[in-house]
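Architecture at a glance
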Amino acid sequence: MKITFLGTGTSQGIPIIGSKHPVCLSDNIKDKRLRSSIMLEWSDFRYIIDCGADFRQQMLRENIDQIDGIIFTHEHADHTAGLDDIRPFCHRQGAIPIYVPERIVANLKYRFDYIFKKKERYPGAPSVALKTVYNKPFMLHAKEVLPIEFLHGKLPIFGYRIDDFAYLTDFKSIEASEKEKLSNLDILVLSALRIEPHATHLNLDEALKVIEDLQPKKAYLTHISHKLGFHAEVQKELPANVFLAYDGLQIQP
Ligand SMILES: [Zn+2]
Ligand SMILES: [Zn+2]
């Protein structure tokens, strides 16, 4: 399986529109972060986790002409707002499977009522095949996907484990019973927002503690705010097996 970081930024992306913060003004390409999303590829299959406002730009950058589905973690706009831009795939492939945690099905139908409308649909509207995700394993072709439930502040949301790879974004805390699903990971992708604490996201120190606790072979940090600092400087301070992800980074567990 190959993993591509389509975006590694927090909800506003980096740079923030109009910001004069030094990280927002940085010339380093690794300091430019679109909204967080990854692409998973194996055999001839290609799945995307989350579909924020930068989805179109991410698909163009990576030259993608076909996808097999989109898996959602939660309902926030930075993870869902790009759903309208699946239209080129729908026109070529037909209805695109979307894997949606049970709790947010109603929310997604509310946000994108025209996509889910059965009668009098606008002919150009995106078409989706809704697959509801419960907190139990499901199959994508021959691969098992294991949902992991954790809290994003007070909101219960999903991360996903496939083989020995796990993607947990917008993470704040996790119950012991769910944490058990994260043993013996080769690669953990975990969100780390900034240096200061935050009510609904891990800060850098908290993320490093979670990594120390879970002991993956390698960890990559994502969903990064400009307030974390410059990529090059933060990376130097991290433990040897922890890396700041950046847009376009590809890894192969
Ligand atoms: Zn987010
Ligand atoms: Zn969120």
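This section reports on the structure supplied with the text. Residue numbers here run from 1 along each chain, matching the order of that chain's written sequence. For this description, chains carry letters from A and ligands carry numbers from 1, given in the order in which they are written. The predicted origin of the model limits local features to residues at a pLDDT of at least 70 and limits the giving and counting of side-chain atom pairs to 80 or more, whereas totals for whole chains, interfaces and linings rest on all residues. Only hydrogens and water are removed before side-chain values are computed, so all heavy atoms of the structure are retained for them.

Let's shift gears to the layout of surface pockets. Within this model, the largest pocket holds a volume of roughly 200 Å³. Cavity: a set of points on a 1 Å grid over the protein atoms alone where a 1.4 Å probe fits but cannot get out. Pocket: an open set with protein on both sides within 12 Å along at least five of seven lines, its lining residues, like those of a cavity, having an atom within 4 Å of a point. Contributing to the lining of the largest pocket are 13 residues, with Lys 32, Arg 33, Leu 34, Gln 57 and Asp 247 lying nearest its centre. Under the scheme applied here, ten amino acids are nonpolar (Ala, Val, Leu, Ile, Met, Phe, Trp, Tyr, Cys and Pro), four are charged (Asp, Glu, Lys and Arg), and all others, including Gly, are polar. In the lining of the largest pocket, the residues fall into 4 nonpolar, 3 polar and 6 charged. Grid points are joined across faces, edges and corners, and a volume is the space filled by probe spheres set on the points.

Moving on to the coordination of the zinc ion (ligand 2). For a metal bound by four donors in tetrahedral geometry, the ideal donor-metal-donor angle is 109.5 degrees, whereas six donors in octahedral geometry ideally sit at 90 or 180 degrees. Protein-derived ligands of the zinc ion (ligand 2) are His 74 (NE2), His 76 (ND1), His 152 (NE2) and Asp 170 (OD), with the metal-ligand distances lying across 2.2 to 2.4 Å. Metal donors: N, O and S atoms at distances within 2.8 Å, or within 3.2 Å for Na, K and Ca, with water omitted from the atom set so that some sites may seem incomplete. Angular criteria define each label, namely tetrahedral for four donors with all angles between 85 and 135 degrees, square planar for four and octahedral for six donors with opposite donors over 155 degrees apart and remaining angles between 65 and 115, and irregular for whatever fails these tests. For the zinc ion (ligand 2), the 4 donor atoms are set out with angles of 88 to 171 degrees between them, so the coordination reads as irregular. Between consecutive donors of the zinc ion (ligand 2), the numbers of intervening residues give the motif H-x1-H-x75-H-x17-D. Separating the zinc ion (ligand 2) and the zinc ion (ligand 1) is a distance of 3.4 Å, and Asp 170 donates to both of them. Of this pair, His 76 sits in the loop between β4 (69–71) and α3 (77–80) while His 152 sits in strand β8 (residues 143–152); the two residues are 76 residues apart in sequence, bridging distant segments of the chain. Elements are defined by DSSP. Helices are runs of H or I of four residues or more, strands are runs of E of two residues or more, and each kind is numbered from the N terminus.

The next thing to look at is the environment of Cys 90. Position of Cys 90 relative to the elements: it lies in helix α4 (residues 87–93). With 151 residues separating them in the primary sequence, Cys 90 and Asn 241 have C-alpha atoms 40 Å apart. Between two residues, a contact is recorded if the distance between any of their heavy atoms is within 4.5 Å. If sequence neighbours within four positions are ignored, Cys 90 has contacts with Ile 96, Pro 126 and Ser 127.

These results come straight from atomic positions and should not be treated as a statement about function.
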